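# Observations on chain architecture
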Amino acid sequence: MRQEIIVIGGGIAGLSTAYSLLKAGHKVTVIDEGKIDNNTSFGNAGLLSGFEKTPLSYPGVIGDTLKQMISGKSPVIIHPQLSTHLIRWLWKFAANANQGRLKRTLILFEKYASQAIDGYKELEKLGLDFDFHQDGVMLVFTDKNRYLQKRAHSTDSDKYEVLSYKDAKEDLGFVKDNIQGIITLKRNARLDPARLMLNLKAYLEANGVEFILQEEIIDIKTSANKIVSIQSKSSTYKADTFVLATGANTTLAKKLSQNLMLVPAKGYSITFKMPQELKPKKVVMFHDLFIVATPRKDDMRITSKLELGTNDDSINPKRIQSILDNLAPYAYPFTPIEPKLWTGFRPLTPNDMPLIGRDEKYKNMVYAMGYGWLGMTFGPALGDIISRLITQDLDNRQCDDVLLFSGFYQGC
């Protein structure tokens, strides 16, 4: 049955959901407090890393992070604060960093990453240009022991390719030969997030999705067990169903007494031009440094850092410099040309599971939250799950995908 649906939030979660709902025949409106031209999705690395890539929560992550903090090379910065929510999140993160959870996570990542890549190929067939390539990601190791551990488990030639520096040099670009090893994860892909977001928005608009921009929703009106309307400072909006896709901003969820188990994780990216002879031809991920270098049509993007316990949205030059400093020993000297600095907040759950599904009390509110650093990786797949939940009028317990992959049911 055709419904009128309002999606609150215009990041990759919101636009992917709007696309799937549009395909299902619904009337869709997207409301966003910005212009959809520089939100968190725009600062993404553009790496679709659902295959063979270790999640943030893995066995040994606590010890590894502490060692890096002591050496001053940690990609994670935790700002001390008296926040019971952050403390609970950190406790759950540590509890989820076990072998059993890792095995389940990798299986789920593979399942939904495959669906997402099929979704991106579908968008390509519609004529959307977002620089999509499924040419793998090159894991570069600076720590010998970690390289040997990973290589021991990289025996499946359909998934992995172990390379010498000589064999990989042409694709590595600026990477020096003092690294310990290279393993290509063959099934992963990449895209240009900004091109994707802008082209997808244009497609949605051209096909009947209404966008109401620079409109902050500040309140939710309920009656019995139903959302009646949402309100901005000047307008009231009604619909049959509402989708909350506000990224790391949980203000509206709290109005429904939902204390979502996610935290804003501040990340950074540097986008710049560089000489072609230094530009990698594939994604290079410095496994031990948590630094990703993604080649794009006209430029390069380097992403890194996760800051927890801060709401400061300003760009800290020291963080940018530390990324470049950590990279410098393993890269031929280069000067970023026309650099563009960016920072934004990723909505991070303690076990990499997104928070998707209906509100337990207000059934016509559906959450599309907590995509973390994997919003691009899973966007189309999660959009399809949410659309199916709404279109088939399913309860969470009737939707296997929600039970399998939502943090509401998987340890968040």
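Described below are features of the structure shown in this document. What you are looking at is a predicted structure, and each value in this text was computed from that prediction instead of being measured. (Residues numbered from 1 in each chain as written. Predicted model: local features only at pLDDT ≥ 70, side-chain atom pairs only at ≥ 80, totals over all residues. Heavy atoms only, no water.)

### A closer look at the overall build of the protein
Within the protein one finds eleven helices and 20 strands. Over its C-alpha atoms the protein spans a radius of gyration of 21 Å, differing by no more than 12% from the 22 Å that the globule rule assigns to 412 residues. Oriented by its inertia axes, the alpha-carbon framework of the protein measures out at about 65 × 45 × 40 Å. Taking all 412 residues of the protein together, the buried fraction comes to 57%. Long-range contacts, defined as pairs at least 24 residues apart, comprise 76% of the intrachain contacts of the protein with a sequence gap of at least 6. Approximately 17,800 Å² of the protein is accessible, and the part contributed by carbon and sulfur atoms is 49%. Here the protein holds 52 positive side-chain charges and 45 negative ones, and the gap between their average locations is 4 Å. (Helix = DSSP H or I, 4+ residues; strand = E, 2+ residues; numbered from the N terminus. Rg over C-alpha atoms; globule rule 2.2 N^0.38 Å. Buried < 20%, exposed > 50% of the residue type's maximum accessible area, 1.4 Å probe, protein only. Contact = heavy atoms within 4.5 Å. Areas by Shrake-Rupley, 256 points an atom, 1.4 Å probe, with all protein chains shown as cover. Lys, Arg positive; Asp, Glu negative; His and termini not counted. Charge placed at Lys NZ, Arg CZ, Asp CG, Glu CD.)

### Observations concerning the packing of helix H1 (residues 12-23) against helix H7 (residues 193-206)
In the contact formed by H1 and H7, the axes pass within 10 Å of each other and the chain directions differ by 35°. As for how H1 packs across H7, the hand of that crossing is left-handed. Contacts from Ile 12, Leu 15, Ser 16, Ala 18, Tyr 19 and Leu 22 in H1 reach Leu 196, Met 197, Leu 200, Lys 201, Tyr 203 and Leu 204 in H7. When the residues that make up the contact of H1 with H7 are grouped by side-chain class, the tally is ten nonpolar, one polar and one charged. (Axes fitted to C-alpha atoms, helices over the stretch in contact; angles between N-to-C directions. Left-handed = near helix turned anticlockwise from the far one by under 90°. Nonpolar A, V, L, I, M, F, W, Y, C, P; charged D, E, K, R; others polar.)

### Some remarks on the sheet that holds strand E13 (residues 241-244)
Think of a sheet as strands paired side by side through backbone hydrogen bonds, with each pair either parallel or antiparallel. Strand order in the open sheet made by the six strands is E9-E2-E1-E13-E20-E19, with mixed pairing throughout. The sheet is open, and its two borders are formed by strand E9 (210-213) and strand E19 (355-358), each paired with just one other strand. Sheet twist, expressed as the mean angle between neighbouring strand axes with direction ignored, is 15°. Pairing of strand E2 (residues 27-32) with E9 involves four bridges; the strand directions are parallel. Bridge pairing links Val 30 to Phe 211 in E9. (Pairing = 2+ DSSP bridges.)

### Some words on H1
Relative to the 16 Å expected for twelve residues at 1.5 Å per residue, H1 spans 16 Å between its end C-alpha atoms, a close match to the ideal helical length. Counting buried positions along H1 yields eleven of twelve residues, so the element is predominantly enclosed. For H1, every residue scored as buried is listed here: Ile 12, Ala 13, Gly 14, Leu 15, Ser 16, Thr 17, Ala 18, Tyr 19, Ser 20, Leu 21 and Leu 22. Taken from the residues just after H1, Gly 25 is the one with a positive phi, measuring 95°. (Expected span 1.5 Å × (residues − 1).)

### Here's the deal with the sheet that holds strand E12 (residues 236-237)
If you trace the three strands from one edge of the open sheet to the other, you get E10-E11-E12, paired in antiparallel fashion. Among the strands making up the open sheet, the edge pair consists of strand E10 (219-223) and E12. Here E10 runs beside strand E11 (residues 226-231); their pairing, made up of five bridges, is antiparallel. In the sheet register, Ser 223 faces E11, and the bridge partner there is Lys 226.

### Here we look at the environment of His 153
Here His 153 is to be found in the loop between helix H5 (144-152) and strand E6 (160-163). At 3.0 Å, the side chain of His 153 forms a polar contact with the backbone oxygen of Gln 149. (Polar contact = N/O pair within 3.5 Å; in protein donor to acceptor, adjacent residues only side chain to side chain.)

### Looking at the packing of aromatic side chains
Taken as a whole, this structure holds 13 aromatic pairs when the rule is applied. With centroids separated by 6.2 Å and ring planes inclined at 65°, the aromatic side chains of Phe 130 and Phe 132 adopt a geometry described as edge-to-face. Overall, the relative accessible area of 1% leaves Phe 130 in the buried class. Three or more aromatic residues link up through ring pairs in this structure, and these residues are Phe 109, Tyr 112, Phe 378 and Phe 405. The cationic tip of Lys 111 hangs over the ring face of Tyr 112; the distance from NZ or CZ to the ring centre is 5.3 Å. A cation over an aromatic ring shows up here: Lys 201 above the ring of Phe 211, its NZ or CZ 5.2 Å from the ring centre. (Phe/Tyr/Trp six-rings, centres within 6.5 Å; stacked < 30°, edge-to-face > 60°. Lys NZ or Arg CZ within 6 Å of the ring centre and 35° of its normal.)

Spatial relationships are all this shows, so hold off on functional conclusions.
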